[in-house]
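# Understanding the architecture of this molecule
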Amino acid sequence: MDVKRESFTTISEGIGRADYSANVEQSVEPIILSWQNEYRYYEVLPLILPGATLQREITLDRNVVAILYDFFLSDINNQDYSVLLELWTAAGAYSEFGSKTAPQTVEFHFAKGVPNFTKYRITIANRGLLGATPTLSIHGMWTEQTTWYAQRIPT
Amino acid sequence: MSIVQSLIAVINFRETVPLLQGVRVTKSFRLGGKITQIMFHFPPGCNSLVHVKLLKNYENFVPIQGDLALDDFTPLFAVNVNYDEYEPLSLEIENRDSGNPHTIECDVVIQYNESV
């Protein structure tokens, strides 16, 4: 098969992105331009004896806005745990926003996220017969407060 | 007694074009038949800055007017067009990206008969 090749110059219409012809293995990775960051809290809790309760109070930096979506408490023991979620309100007191009892794993999922707050408290009760060191994991997103207010749709 | 087989041949074009350069590559096939499929591939990153067209016998073929300039897409065109032996097929690529080279691929499928 005969092959004929001709080259010529052309005009610029802008700047694109590198593709794999430039040996860029990450050329297909999306470039994250979001102003949001991932919020993650993870802790293996200290020993909670049967019938005992443990509290965790988590305070956010006052320059940060966080929206939390998922709370997980899990343990290897197949026994019941109770989890109470409370939010610190503008009235200066804690207000409950989630409460559940379940065996081995207690999950909370807030599809629209738990709204802006400064601190929250999690109370874990071991309702089983064995001492446990469950894992607490919280996922959400956070952003700088100035960025948050700049991005909000005015009401 | 000869047996006539219906076969396909894929004419492949793959060119890495430097920034602000164009290239026109012409190939042909030794037997006549029918062009049944044409595929282009634009890798992610082209950002509609790479203009591509396929010519048949030095006339606009796909597209019939203008050119294709896509991003992260592989359009496939089913056609039913006669192809004459040694008829030139030319892929013209213009890389109007002033920052990056790009690799474009075009495959032309020709269905033809051959006596065995």
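Now for a description of the structure that goes with this document. (Residues numbered from 1 in each chain as written. Chains lettered and ligands numbered in written order. Predicted model: local features only at pLDDT ≥ 70, side-chain atom pairs only at ≥ 80, totals over all residues. Heavy atoms only, no water.)

## Thoughts on the interface of chain A and chain B
Between chain A and chain B, the contact holds 22 residues from the first and 35 residues from the second. At the junction of chain A and chain B, the tally comes to 4 salt bridges. Here E6 of chain A ties to R24 of chain B by a salt bridge, and the two come within 3.3 Å at their closest N and O atoms. Counting across the chain A and chain B interface gives 17 residue pairs in polar contact (both at pLDDT 80 or more). Across 7 bridges, strand β1 (residues 3-9) of chain A lies against strand β2 (residues 21-27) of chain B in antiparallel orientation. Looking across to β2 of chain B, one finds that T9 of chain A is bridged to Q21 of chain B. (Contact = heavy atoms within 4.5 Å. Salt bridge = Lys/Arg side-chain N within 4 Å of Asp/Glu carboxyl O. Polar contact = N/O pair within 3.5 Å; in protein donor to acceptor, adjacent residues only side chain to side chain. Pairing = 2+ DSSP bridges. Helix = DSSP H or I, 4+ residues; strand = E, 2+ residues; numbered from the N terminus.)

## Points about the sheet that holds strand β7 (residues 105-114) of chain A
Residue and element names in this part refer to chain A. Ordered by their spatial adjacency, 4 strands build an open sheet running β2-β9-β4-β7, and the pairing between neighbours is antiparallel. Every other strand in the sheet has two partners, leaving β2 (37-44) and β7 as the edge strands with one partner each. Between one strand axis and the next, the sheet turns through 20° on average, direction left out of account. Strand direction decides the pairing type here: β2 and strand β9 (residues 135-144), joined by 8 bridges, are antiparallel. Across the sheet, the residue bridging to E43 is L136, located in β9. (Axes fitted to C-alpha atoms, helices over the stretch in contact; angles between N-to-C directions.)

## A look at unusual backbone geometry
Residue and element names in this part refer to chain B. Cis geometry is found at the peptide bond from V62 to P63, where omega equals -5°. The topology assignment puts P63 in the loop between β5 (59-62) and β6 (76-83). Phi at N47 is positive, roughly 55°, even though this residue is not glycine. Positive phi, normally seen in glycine, also occurs at N57, with a value near 55°. Inspection of the secondary structure puts N57 in the loop between β4 (50-56) and β5.

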